[in-house]
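# Architecture at a glance
Chain residues, written in single-letter form:
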Amino acid sequence: MVEIYNDRIEGLYCKCTKGDVAIFEILKDCIRCIYCKNEIKCKPPIEFVWKEKCPHCEGKMSTFIIDSSGIKICSRCGLSK
Ligand SMILES: [Zn+2]
Ligand SMILES: [Zn+2]
């Protein structure tokens, strides 16, 4: 279950987690995992999050975010779809 707050997003996939349990801080020009400090470049605020397999992550399950410019970005690898 993904929860989007003003300063963080809970329930995302990250390279450092096995499931969708990572918490990302929302910064000015990225979101950053609080565990491994991996930064995913984007333009907050984050509008929407959903789960889908990422073709750049060996087809593994991941979470995608949509940022304020409407770009879809994988929270594991940071690549847009
Ligand atoms: Zn991480
Ligand atoms: Zn990915």
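Since we're looking at a predicted model, the values are computed, not measured.

## Quick notes on the nonpolar core
Counting residues in each nonpolar core, the largest one holds 16 residues, and the members touching the most others are Leu-12, Ala-22, Phe-24 and Ile-73. Looking at this core, the elements with two or more residues in it are strand S2 (8-12), strand S3 (22-26), strand S4 (30-33), strand S7 (61-66) and strand S8 (72-74). The contact partners of Leu-12, leaving out residues within four places of it in the chain, are Val-2, Asp-20, Ala-22, Phe-24, Thr-63 and Ser-75.

## Description of the pairing of S2
Where strand S1 (residues 3-4) meets S2, two bridges bridge the pair, whose relative direction is antiparallel. Bridging across to S2, Ile-4 finds its partner in Ile-9. In this structure, the hairpin formed by S1 and S2 is closed by a connection of three residues.

## Some points on the sheet that holds S7
Pairing in this open sheet of three strands is antiparallel, and the strands run S6-S7-S8 from one edge to the other. Every interior strand has two partners, whereas the edge strands, strand S6 (48-53) and S8, have only one. The average angle at which neighbouring strand axes cross in this sheet is 35 degrees, direction not considered.

Cut-offs used in this document
- Residues numbered from 1 in each chain as written.
- Chains lettered and ligands numbered in written order.
- Predicted model: local features only at pLDDT ≥ 70, side-chain atom pairs only at ≥ 80, totals over all residues.
- Core = buried A, V, L, I, M, F, W, Y, C linked by C-beta atoms within 7 Å.
- Buried ≥ 20, exposed ≤ 12 C-beta atoms within 10 Å, placed from the backbone.
- Helix = DSSP H or I, 4+ residues; strand = E, 2+ residues; numbered from the N terminus.
- Contact = placed C-beta atoms within 7 Å.
- Pairing = 2+ DSSP bridges.
- Axes fitted to C-alpha atoms, helices over the stretch in contact; angles between N-to-C directions.

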